[in-house]
Protein chains: 2
Amino acid sequence: MTYCVGLMVDQGLVFLSDTRTNAGIDNIARFRKMFTWEVPGERSLVLMTAGNLATSQAVVSMLEEGIEAGTSEEAAAMLGDNALPSLLKAPNMFRSAEIVGEAMVAVQKRFRKSLDQMNEAGGSTMILGGQRKGGTPRLFLVYPEGNCIEATEDTPFLQIGEHKYGKPILDRVIARDTPLEEARKAALLSMDSTLRSNLSVGMPLDLAVLPTDTCTLSERRRIEADDEDFHTLSENWSAALKDAFHGIL
Amino acid sequence: MTYCVGLMVDQGLVFLSDTRTNAGIDNIARFRKMFTWEVPGERSLVLMTAGNLATSQAVVSMLEEGIEAGTSEEAAAMLGDNALPSLLKAPNMFRSAEIVGEAMVAVQKRFRKSLDQMNEAGGSTMILGGQRKGGTPRLFLVYPEGNCIEATEDTPFLQIGEHKYGKPILDRVIARDTPLEEARKAALLSMDSTLRSNLSVGMPLDLAVLPTDTCTLSERRRIEADDEDFHTLSENWSAALKDAFHGIL
């Protein structure tokens, strides 16, 4: 399984994903589930994936082909099903989410028949967030069907994969006016709860932070299993939780 | 859905269940999921159910028939599939769990054909715990297939239904030497996290507490939606969590 969470607060966006994949409990591997594309100061995009790994990777490959080719909307329209416009040329974030959805549908169409024959689900679910210069930061969840929903004031975070363990902490502490640093901490603690309670989610983690109106990731790093800062945060949270638990009546 | 949790610590057993059932999100009802049978000082049993409500209720009815008739093991054996021995005459807790499993299998057998035809799952999952005078307190999870697992030193709690939201707190604070009063608090907070994050779990709650070697429930009550103690605990926990969150680095 997987756990990925994207948070949108006034000060910016936070993205966090794990790296564990499994095909059965006895077939565990490590794959990156976070992908970033950036023209610093102009546009920053972060994509996280959950679900069928083959589909996720094929979607990311298609998106990267479009970006590398610098395909315009017009050129993509002429090429039909075989090409996608570059995410970095999309006129807005909603169009970017649509392009991810189009890639999702195209990939599944290719394998629909054989997936159906094997009675296998080939879908992936993705979180896409970012900002384009002149636009606002936006955060989307793209469904296997290719359509999407967007985070709003009422729901400032989106989760994919094993979302239940890490939801209570987010439900309690995240609002739109939560400072970016606190949102970052909440994402890490939400992941920490999930890591402790579900073996199918595993270290290392990938973290990205995008402060509002900078169009430049202020942080993009891998948190390894022996990361001291994460370990300290986790231990402090554990101790603080226990204190809180024993302290209340 | 449902959330039920049973905890086994050295000082005793704690049981907590919600009461919400739903057949689709637009068909929500309130049903008791906790059942207790007791001969104070001699034997106390608590059963909690999750899954197909028709199956759960039929199983409970069968068990109650056996108890009311005071059916012995020998009589039940002679009656065959039509009768179960009384839970209150079982020689030990393991046999009690077996009897629950036998009821589960018998009920599903009756409806197997029509359930298969409708492609419906008819299974329930149950938690049974208690103590018989002269025995030790034990806690079992009975599967839809009728077999069961038992809580041990390594895993002092069992959950059925929507178990994920409320697991992180239990993973952190519950051990065999946790005092009974703290275990009771942990069960309530585990439920509180689930109630906040998942609409399919709802108030009121049913709570039962069985101190070790008393064979008498020290507490057996319904916690209504307007229960002041639960409300205060919930608010205090929320505040303590937020303080803990903001306090750590």
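Structure report, in brief. This one's a predicted model, so the numbers in the text were calculated from it and none came from an experiment.

Conventions we followed
Residues numbered from 1 in each chain as written. Chains lettered and ligands numbered in written order. Predicted model: local features only at pLDDT ≥ 70, side-chain atom pairs only at ≥ 80, totals over all residues. Heavy atoms only, no water. Helix = DSSP H or I, 4+ residues; strand = E, 2+ residues; numbered from the N terminus. Buried < 20%, exposed > 50% of the residue type's maximum accessible area, 1.4 Å probe, protein only. Contact = heavy atoms within 4.5 Å. Buried area = accessible area lost by both parts, 1.4 Å probe. Salt bridge = Lys/Arg side-chain N within 4 Å of Asp/Glu carboxyl O. Polar contact = N/O pair within 3.5 Å; in protein donor to acceptor, adjacent residues only side chain to side chain. Least-squares fit on C-alpha atoms with pLDDT ≥ 70 in both. Pairing = 2+ DSSP bridges. Axes fitted to C-alpha atoms, helices over the stretch in contact; angles between N-to-C directions. Core = buried A, V, L, I, M, F, W, Y, C linked by side-chain atoms within 4.5 Å. Expected span 1.5 Å × (residues − 1). Arc of directions from axis to C-beta. 1 Å grid on protein atoms, 1.4 Å probe; cavity = no way out; pocket = protein on both sides within 12 Å on 5 of 7 lines; lining within 4 Å. Points joined across faces, edges and corners; volume = space filled by probe spheres on them. Nonpolar A, V, L, I, M, F, W, Y, C, P; charged D, E, K, R; others polar.

### As for the side chain of B:Arg176
All names here are of chain B.
Reasoning step 1: Tracing the backbone through its elements, the reader meets Arg 176 in the loop between α4 (167-173) and α5 (180-197).
Reasoning step 2: The buried category is assigned to Arg 176, whose relative accessible area is 19%.
Reasoning step 3: With residues up to four places along the chain from it excluded, the contact list for Arg 176 reads Met 8, Val 9, Asp 10, Thr 152, Glu 153 and Pro 156.

### Description of the interface of chain A and chain B
Reasoning step 1: Taken together, the contact pairs 30 residues of chain A with 30 residues of chain B.
Reasoning step 2: Buried surface at the junction of chain A and chain B, summed over both partners, amounts to about 3000 Å²; 62% is from carbon and sulfur atoms.
Reasoning step 3: The three residues of chain A that bury the most area against chain B are A:Arg172, A:Phe245 and A:Ile248, which together make up 28% of that side's buried surface.
Reasoning step 4: For the interface between chain A and chain B, the tally reads 4 salt bridges.
Reasoning step 5: Between A:Glu162 and B:Lys164 there is a salt bridge, with the nearest N and O atoms lying 2.9 Å from each other.
Reasoning step 6: Our count for the chain A to chain B interface comes out at 16 residue pairs in polar contact (both at pLDDT 80 or more).

### Structural notes on the relation of the copies chain A and chain B
Reasoning step 1: Rotating chain A by 180 degrees and translating it 0.0 Å along the rotation axis places it on chain B, where the RMSD comes to 0.0 Å. Both chain copies can therefore be described as sitting about a two-fold axis. No C-alpha of chain A approaches the rotation axis more nearly than that of A:Tyr165, which lies at 2.4 Å.
Reasoning step 2: The residues that chain A uses at the interface reappear at the interface of chain B in 100% of cases, marking a shared surface.

### Details of the environment of B:Glu42
Reasoning step 1: Tracing the backbone through its elements, the reader meets B:Glu42 in the loop between β5 (34-39) and β6 (43-51).
Reasoning step 2: Sequence separation of B:Glu42 and B:Asp18 is 24 residues, and the distance between their C-alpha atoms is 28 Å.

### A word on the sheet that holds β5(B)
Residues and elements named next belong to chain B.
Reasoning step 1: Judged by pairing direction, the sheet is antiparallel, and its 5 strands sit side by side in the order β5-β6-β7-β8-β9 without closing on themselves. The outermost strands of the open sheet, each flanked by one partner alone, are β5 and β9 (148-150). Averaged over all adjacent pairs, the angle separating strand axes in this sheet is 15 degrees, with direction ignored.
Reasoning step 2: Relative to β6, β5 is paired through 6 bridges, and the arrangement is antiparallel. In the sheet register, Thr 36 faces β6, and the bridge partner there is Val 46.
Reasoning step 3: Along the sheet, helix α1 (residues 53-69) contacts β5, β6 and β7 (124-132); its crossing angle with β6, the most-contacted strand, is approximately 160 degrees.

### Here we look at the nonpolar core
Proteins that are soluble and globular tend to have nonpolar side chains buried together.
Reasoning step 1: If you look at the biggest cluster of nonpolar residues, it comprises 66 residues, and the most contacted ones within it are A:Leu7, A:Leu170, A:Trp237, B:Leu7, B:Leu170 and B:Trp237.
Reasoning step 2: Residues within four places of A:Trp237 in sequence aside, it is in contact with A:Ile169, A:Leu189, A:Asp192, A:Ser193, B:Arg172, B:Leu241, B:Ala244, B:Phe245 and B:Ile248.
Reasoning step 3: One finds B:Leu47, B:Leu84, B:Val100 and B:Val107 within the second-largest nonpolar core, a separate group that totals 25 residues.

### Some points on the pattern of salt bridges
Two side chains with opposite charge may pair up if their charged atoms get near one another.
Reasoning step 1: All chains considered together, the criterion is met by 38 salt bridges over all chains.
Reasoning step 2: Measuring nitrogen to oxygen at the nearest pair gives 3.3 Å for the salt bridge that ties A:Asp116 to A:Arg112. Of this pair, A:Asp116 and A:Arg112 both sit in helix α3 (residues 93-117), 4 residues apart, roughly one helical turn.
Reasoning step 3: Under the relative-accessibility criterion, A:Arg112 is labelled partly exposed at 34%.
Reasoning step 4: Between B:Glu219 and B:Arg221 there is a salt bridge; the shortest N-O distance is 3.0 Å.

### Quick word on helix α1 (residues 53-69) of chain A
Residues and elements named next belong to chain A.
Reasoning step 1: Over its 17 residues, α1 extends 24 Å from the first C-alpha to the last, a length consistent with the 24 Å expected when each residue adds 1.5 Å.
Reasoning step 2: Residues of α1 that are buried include every one of Thr 55, Ser 56, Val 59, Val 60, Met 62, Leu 63, Gly 66 and Ile 67, and no others. Seen from one end, α1 has its buried residues packed into an arc of 155 degrees, which puts them on one side. Opposite its buried face, α1 presents the exposed residues Ala 54, Glu 65, Glu 68 and Ala 69, each directed more than 90 degrees away.
Reasoning step 3: As for α1, its buried residues are in contact with β5 (34-39), β6 (43-51), α3 and β7 (124-132).
Reasoning step 4: Of the residues that open α1, the one with a side-chain oxygen 3.0 Å from the backbone nitrogen of Ala 54 is Asn 52.

### Topic: the layout of surface pockets
The probe, sized like a water molecule, is rolled over the atoms to show the empty space still left.
Residue and element names in this part refer to chain B.
Reasoning step 1: One number sums up the size of the largest pocket: a volume of about 420 Å³.
Reasoning step 2: Together, 20 residues line the largest pocket, and Met 1, Thr 2, Asn 22, Gly 51 and Asn 52 are the ones closest to its centre.
Reasoning step 3: Every element with two or more residues in the lining of the largest pocket is listed here: β3 (20-22), β6 and α1.
Reasoning step 4: Its residues assigned to classes, the lining of the largest pocket shows 6 nonpolar, 11 polar and 3 charged.

### A closer look at the pairing of strand β1 (residues 3-9) of chain B
Working note: regular strand, side chains alternate between the two faces of the sheet.
All names here are of chain B.
Reasoning step 1: Counting buried positions along β1 yields 7 of 7 residues, so the element is predominantly enclosed.
Reasoning step 2: The two faces of β1 match: Tyr 3, Val 5, Leu 7 and Val 9 on one face and Cys 4, Gly 6 and Met 8 on the other face are all buried.
Reasoning step 3: As paired strands, β1 and strand β10 (residues 157-161) are joined by 5 bridges and run antiparallel to one another. The residue bridging Gly 6 from the neighbouring strand is Leu 158, located in β10.
Reasoning step 4: Bridge analysis of β1 against strand β2 (residues 12-17) gives 6 bridges, and the strand direction is antiparallel. Residue pairing in the sheet places Cys 4 in a bridge with Ser 17 of β2.
Reasoning step 5: Counting the residues in the hairpin turn of β1 and β2 gives 2 residues.

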